[in-house]
Amino acid sequence: MKVTGTTQKPIATGRLTLNNAVIRSQGFSEPMTDVTGSAEFEGDRIRVNGLSAKFSGGSISMKGTIPIVTVPNDIRSNLNPLSLSMDNLNIDLKGLYRGTVDGLVKLAGSVLEPTVTGQLKLSNGSVFLPTGNPPFSSPSMKPTFLSSFKVDDLKLLVGDRVELVLQPLLTFRGTGELTLNGFLDKLEPDGTIKVQFGLVNLLSTQFSLDRSRANLVRFIPTQGFDPALDIQLKTSALVIVTGK
């Protein structure tokens, strides 16, 4: 591969071919294996002819074209956007989510300013609600490549056997759909989760969900992953009566 131009407008030409390769990254706890496929570097864009790999207990595949730098809308509209398919991935994002992920997302924008859209489904896992700093962010955290990803109407389906956890206070299980916008270091979720099971620990008392009414967890964009709770709880008390 040959790269010319400038850092603001690089020009890349050449071809990349992988056959059962292994790719390791500091951003992931385990490598991608059996990476097979090819990509063409066509000046101001990259065309992935087809790329597949095994990752985190599942598989991923990628195909399509993405500009290296931002291009005018009339040019971008004629490109087949780069799509990423995920099948049965077992993901562990520390402090955010641990469980299975399936879905199809599209990478628009450019390599230097990517935009993520599409749909992801969570199942058999736990979403950890933040107790302090938002996901992917802390006061000492330096900007990373992932934090440059813009998220545009990414649908997040909360499927079967997914828990919402705020340790050690509460655990809810429910289903619903969220729409994510913003950037990966400052996501703005919007949507509602219908809670089917729940436990809340307050001091020494445990409360359970009152299923006689609808119980909801609402995510509001301006509040990030600190949701508004619309739930009703119940508990039982042991009364001991002693005689004189």
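Residues numbered from 1 in each chain as written. Predicted model: local features only at pLDDT ≥ 70, side-chain atom pairs only at ≥ 80, totals over all residues. Heavy atoms only, no water.

Colleague: I tried to follow the overall build of the protein chain on my own but got confused; where do I start?
Modeller: A count of helices and strands for the protein chain gives one helix and 16 strands. Looking at the protein chain as a whole, 35% of its 244 residues are labelled buried. By element, 54% of the accessible surface of the protein chain is carried by carbon and sulfur atoms, the whole surface being about 14800 Å². (Helix = DSSP H or I, 4+ residues; strand = E, 2+ residues; numbered from the N terminus. Buried < 20%, exposed > 50% of the residue type's maximum accessible area, 1.4 Å probe, protein only. Areas by Shrake-Rupley, 256 points an atom, 1.4 Å probe, with all protein chains shown as cover.)

Colleague: Is there a simple way to think about the environment of Gly5 in this case?
Modeller: Residue position: Gly5 is located in strand β1 (residues 2-5). With 39 residues separating them along the chain, Gly5 and Asp44 place their C-alpha atoms 10.0 Å apart.

Colleague: I tried to follow the side chain of Glu40 on my own but got confused; where do I start?
Modeller: Checked against the element boundaries, Glu40 lands in strand β3 (residues 32-43). Exposure remark for Glu40: the relative accessible area of 17% places this residue in the buried category. In this structure Glu40 touches Gly14, Arg15, Arg45, Ile46, Arg47 and Asn49, once residues within four positions along its chain are discounted. (Contact = heavy atoms within 4.5 Å.)

Colleague: When you look at the pattern of salt bridges in this model, what are you seeing that I'm missing?
Modeller: Two side chains carrying opposite charge are able to pair once their charged atoms lie near each other. Evaluated as defined, the whole model comprises seven salt bridges. For Arg15, the salt bridge is made with Glu40, and the minimal N-O distance between the two is 2.0 Å. Here the residue Arg15 occupies a position in strand β2 (residues 10-23), and Glu40 occupies one in strand β3, the gap between them amounting to 25 residues. One salt bridge in this structure joins Asp34 and Lys54, with 3.4 Å as the shortest N-O distance. Of this pair, Asp34 sits in strand β3 while Lys54 sits in strand β4 (residues 45-55), placing them 20 residues apart in sequence. (Salt bridge = Lys/Arg side-chain N within 4 Å of Asp/Glu carboxyl O.)

Colleague: Looking at this model, I keep getting lost on the confidence of the model for the protein chain. Mind explaining?
Modeller: On average, residues of the protein chain score 85 in pLDDT, and 86% of them reach the 70 mark or higher. Every residue in residues 137-142 scores below 50 in pLDDT, and together they form four contacts with partners more than four places removed in sequence or on other chains. (pLDDT = per-residue confidence, 0-100.)

Colleague: Hey, could you run me through the pairing of β3 in this one?
Modeller: Looking along a regular strand, one sees the side chains alternate between the two faces of the sheet. Across nine bridges, the pairing between β2 and β3 is antiparallel. Paired with Arg15 across the two strands is Glu40, which belongs to β3. Pairing between β3 and β4: seven bridges, direction antiparallel. By the bridge assignment, Thr36 is partnered in β4 with Ser52. Connecting the antiparallel pair β3 and β4 is a turn made up of one residue. (Pairing = 2+ DSSP bridges.)

Colleague: Help me understand the packing of aromatic side chains, please; the structure alone is not making it clear to me.
Modeller: To describe a pair of aromatic rings, one takes the distance between the centres and the angle between the planes. On inspection of all chains with the given rule, the structure shows one aromatic pair. Consider the rings of Phe219 and Phe225, whose centres lie 6.1 Å apart with planes at 70°: the pair is edge-to-face. (Phe/Tyr/Trp six-rings, centres within 6.5 Å; stacked < 30°, edge-to-face > 60°.)

Colleague: Just checking my understanding: could you explain the pairing of strand β10 (residues 162-166) for this structure?
Modeller: Bridge count between strand β8 (residues 114-128) and β10: four bridges; the pairing is parallel. For Val127, the partnering residue across the bridge sits in β10 and is Leu164. Examined bridge by bridge, β10 and strand β11 (residues 170-183) share four bridges and lie antiparallel to one another. Residue Glu163 lies in a different strand from β11, and its bridge partner there is Arg173. Where β10 hands over to β11, the hairpin turn is made up of three residues, counted between the paired strands.

Colleague: Just to check I follow, could you spell out unusual backbone geometry for this structure?
Modeller: Along the chain, Gln167 connects to Pro168 via a cis peptide bond; the corresponding omega equals -5°. The residue Pro168 is located in the loop between β10 and β11 in this model. Within the chain, Asp34 stands out as a residue other than glycine whose phi angle is a positive 55°. Phi is positive for Asn88, which is not a glycine, with a value near 60°. Mapping Asn88 onto the fold places it in strand β6 (residues 82-93).

Colleague: Whenever I open this one, the environment of Thr115 confuses me. Can you help?
Modeller: Residue placement: Thr115 occurs in strand β8. Considered as a pair, Thr115 and Phe149 are 34 residues apart in the sequence and their alpha carbons are 5.8 Å apart. Setting aside anything within four residues of it in sequence, one finds Thr115 in contact with Lys106, Leu107, Ala108, Gly109, Lys150 and Asp152.

Colleague: I tried to follow the environment of Ser38 on my own but got confused; where do I start?
Modeller: Among the secondary structure elements, Ser38 is positioned in strand β3. The exposure class assigned to Ser38 is buried, which follows from its relative accessible area of 11%. Along the sequence, Ser38 and Gly50 sit twelve residues apart, while their C-alpha atoms lie 6.2 Å from each other. For Ser38, the residues in contact, after removing those within four places along its chain, are Arg15, Leu16, Thr17, Arg47, Val48, Asn49, Gly50 and Leu51. Of note is the side chain of Ser38, whose polar atom sits 3.4 Å from the side chain of Arg15. (Polar contact = N/O pair within 3.5 Å; in protein donor to acceptor, adjacent residues only side chain to side chain.)

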